[in-house]
Amino acid sequence: MLIGSAGDTGSNSRVDLYVKLIKELAAKHKLPKFKLGFFYSDVTKDYLKAKMAAGQTIRGSMDAPI
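Rules of the game
- Residues numbered from 1 in each chain as written.
- Predicted model: local features only at pLDDT ≥ 70, side-chain atom pairs only at ≥ 80, totals over all residues.
- Heavy atoms only, no water.
- Salt bridge = Lys/Arg side-chain N within 4 Å of Asp/Glu carboxyl O.
- Helix = DSSP H or I, 4+ residues; strand = E, 2+ residues; numbered from the N terminus.
- Buried < 20%, exposed > 50% of the residue type's maximum accessible area, 1.4 Å probe, protein only.
- Phe/Tyr/Trp six-rings, centres within 6.5 Å; stacked < 30°, edge-to-face > 60°.
- pLDDT = per-residue confidence, 0-100.

**Q** I keep staring at the pattern of salt bridges and nothing clicks. Help me out?
**A** Side chains bearing opposite charge may pair, as long as their charged atoms lie close to each other. What the rule picks out here adds up to 1 salt bridge. Its salt-bridge partner being Glu-24, residue Lys-20 comes within 3.7 Å of it at the nearest N-O pair. Remark: Glu-24 and Lys-20 occur in helix α1 (residues 12-28); sequence separation between them is 4 residues, near one turn of the helix. The class for Glu-24 is partly exposed, based on a relative accessible area of 41%.

**Q** Looking at this structure, how should I read the packing of aromatic side chains?
**A** Where two aromatic rings form a pair, the distance of their centres and the angle of their planes describe that pair. Per the counting criterion, the structure on display carries 1 aromatic pair. With a centroid separation of 5.9 Å and an interplanar angle of 80°, the aromatic rings of Phe-38 and Tyr-40 are classed as edge-to-face. The partly exposed category is assigned to Phe-38, whose relative accessible area is 39%.

**Q** What's the story with unusual backbone geometry in this structure? I'm lost.
**A** Outside of glycine, negative phi angles account for most residues, and trans bonds account for most peptide bonds. Despite not being glycine, Lys-30 has its phi angle at roughly 50°, a positive value. Judged by relative accessible area, Lys-30 falls into the exposed class, the value being 73%.

**Q** Whenever I open this one, the confidence of the model for the protein chain confuses me. Can you help?
**A** Where the model shows low pLDDT, its predicted coordinates should not be examined in detail. Of the residues in the protein chain, 74% reach a pLDDT of 70 or more, and the chain-wide mean stands at 81. The secondary-structure element of the protein chain with the lowest mean pLDDT is strand β1 (residues 2-3), recorded at 67, while α1 shows the highest, at 90.

Quick look at the structure:
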């Protein structure tokens, strides 16, 4: 399983949340050992502000406008 900036917020806290949930579910259901990969890819407020100032639309997952 591979987890990125899950939860449509693009924040590291969502990645941490989903990793924790998966580990808890795996333990609860006694799943065999597996590899779990995850990465952080926060987008800075300055980056978003610059995009907005340039009039660019910022979109979330499933192409939803933010």
